[in-house]
Amino acid sequence: NAKIEEYDYKFLGEKNMLGVAHASHSPEVRCPTDGGTSACPETWEMRHLYVLQAVPRKHKVNAIDSRTLIYLDSEMWFEPYIDTYDRAGRLFRNHIYFVATRDRPVPDAKVAIYPFKRSFVVGAVSTDVQSGLGTMCYLPGIETPERECWYITMGAVDKDFFTTDAMVRAAGF
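Below you will find a few notes about this structure.

1. Comments concerning the overall build of the protein chain
Scanning the protein chain for helices and strands turns up one helix and seven strands. Start at the N end of the protein chain and walk to the C end: the helices and strands fall as β-β-β-β-β-β-β-α. Structurally, the protein chain occupies a C-alpha span of about 50 × 45 × 30 Å along its principal axes. Taking all 173 residues of the protein chain together, 38% fall into the buried category. Sequence separation of at least 24 residues holds for 55% of the intrachain contacts in the protein chain that already meet a minimum separation of 6. Working note: accessible area of the protein chain is about 10600 Å², and carbon and sulfur atoms make up 57% of it. Here the protein chain holds 20 positive side-chain charges and 23 negative ones, and the gap between their average locations is 4 Å.

2. Side note on the state of the cysteines
Scanning the entire structure with this criterion turns up one disulfide. What pairs with Cys31 in a disulfide is Cys40, and their sulfur atoms sit 2.2 Å apart. Linking Cys31 and Cys40, the disulfide has an S-S dihedral of approximately 90 degrees and is accordingly described as right-handed. Under the relative-accessibility criterion, Cys40 is labelled partly exposed at 23%.

3. Regarding the nonpolar core
Grouped together as the largest cluster of nonpolar side chains are 20 residues, with contacts concentrated most on Tyr71, Tyr81, Phe98, Val122 and Met136. Those elements that place two or more of their residues in this core are strand S2 (45-56), strand S3 (67-73), strand S4 (81-85), strand S5 (91-102), strand S6 (118-128) and strand S7 (133-138). When neighbours within four sequence positions are excluded, Met136 is seen to be in contact with Glu28, Gly36, Thr37, Ser38, Ala39, Phe98, Gly123, Ala124 and Val125. Membership of the second largest hydrophobic core comes to five residues, among which are Tyr7, Ala54, Val61 and Ile70.

4. A closer look at the pattern of salt bridges
Taken as a whole and judged by the stated rule, the model has seven salt bridges. Across the pair Arg47 and Glu45 runs a salt bridge, and its minimum N-O distance is 2.9 Å. Look at Arg47 and you get buried, because its relative accessible area is 7%. Between Glu75 and Arg47 there is a salt bridge, with the nearest N and O atoms lying 3.3 Å from each other. Placement of Glu75 in the loop between S3 and S4 and of Arg47 in strand S2 is noted, with a sequence separation of 28 residues between them. Looking at Glu75, the relative accessible area reads 61%, which means it is exposed. When salt bridges with common partners are traced through the structure, they connect Glu45, Arg47, Asp73 and Glu75 into a single cluster.

5. Digging into a nonpolar patch on the surface
A surface patch of nonpolar side chains, about 310 Å² in accessible area, is lined by Leu18, Trp44 and Met46. Turning to its location among the elements, Met46 is positioned in strand S2. Met46 gets classed as exposed once you look at its relative accessible area, which sits at 52%.

6. Considering the sheet that holds S3
The strand order across the open sheet formed by seven strands is S1-S2-S3-S4-S5-S6-S7, and the pairing between neighbours is antiparallel. Of all the strands in the sheet, just strand S1 (7-19) and S7 have a single pairing partner and so form its edges. Sheet twist, expressed as the mean angle between neighbouring strand axes with direction ignored, is 20 degrees. Two strands pair when backbone bridges link them, and S2 and S3 are joined in this way by six bridges, in the antiparallel orientation. What sits directly across from Tyr50, in S3, is Leu72.

Parameters at a glance
- Residues numbered from 1 in each chain as written.
- Predicted model: local features only at pLDDT ≥ 70, side-chain atom pairs only at ≥ 80, totals over all residues.
- Heavy atoms only, no water.
- Helix = DSSP H or I, 4+ residues; strand = E, 2+ residues; numbered from the N terminus.
- Buried < 20%, exposed > 50% of the residue type's maximum accessible area, 1.4 Å probe, protein only.
- Contact = heavy atoms within 4.5 Å.
- Areas by Shrake-Rupley, 256 points an atom, 1.4 Å probe, with all protein chains shown as cover.
- Lys, Arg positive; Asp, Glu negative; His and termini not counted.
- Charge placed at Lys NZ, Arg CZ, Asp CG, Glu CD.
- Disulfide = S-S within 2.5 Å.
- Core = buried A, V, L, I, M, F, W, Y, C linked by side-chain atoms within 4.5 Å.
- Salt bridge = Lys/Arg side-chain N within 4 Å of Asp/Glu carboxyl O.
- Patch = residues over 30% accessible without salt bridge, like charges linked within 9 Å, V, L, I, M, F, W, Y side chains within 5 Å.
- Pairing = 2+ DSSP bridges.
- Axes fitted to C-alpha atoms, helices over the stretch in contact; angles between N-to-C directions.

As structure tokens, this is what we get:
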């Protein structure tokens, strides 16, 4: 989510790691063994990942992190893992994303149904490994009555909406 021009990027290599690309649950199931700071059980599978490093350009940005490791799934082009390091170079935060690849965000969808399989983030956990605190986000929320929650390219706008002229008109200039 950073401005790419404020970082230097480096390809570090490739690695096979476990990841969730075909999640079984949506929303994810709260794991009872860790106070709800992760999702379990889930369908983990071996994924081929590219490992990238992003280092802030000191003269451009005063970032809280000294570097970020991005684990990019070579098939989905999505990052199931992101690790950030503090200014002293120690691992600071770990982010894990649980993804479902299917034609709908939830199995019982009535509206958000696509003519192709796509990726939906159905859960995300961010853990501060220095303090041990973690936060789990469920998509859709566990208690929310709105289950489908992902309405991407559902036909509300067409390609003409994204022209420069249309954006200027919409802004009222």
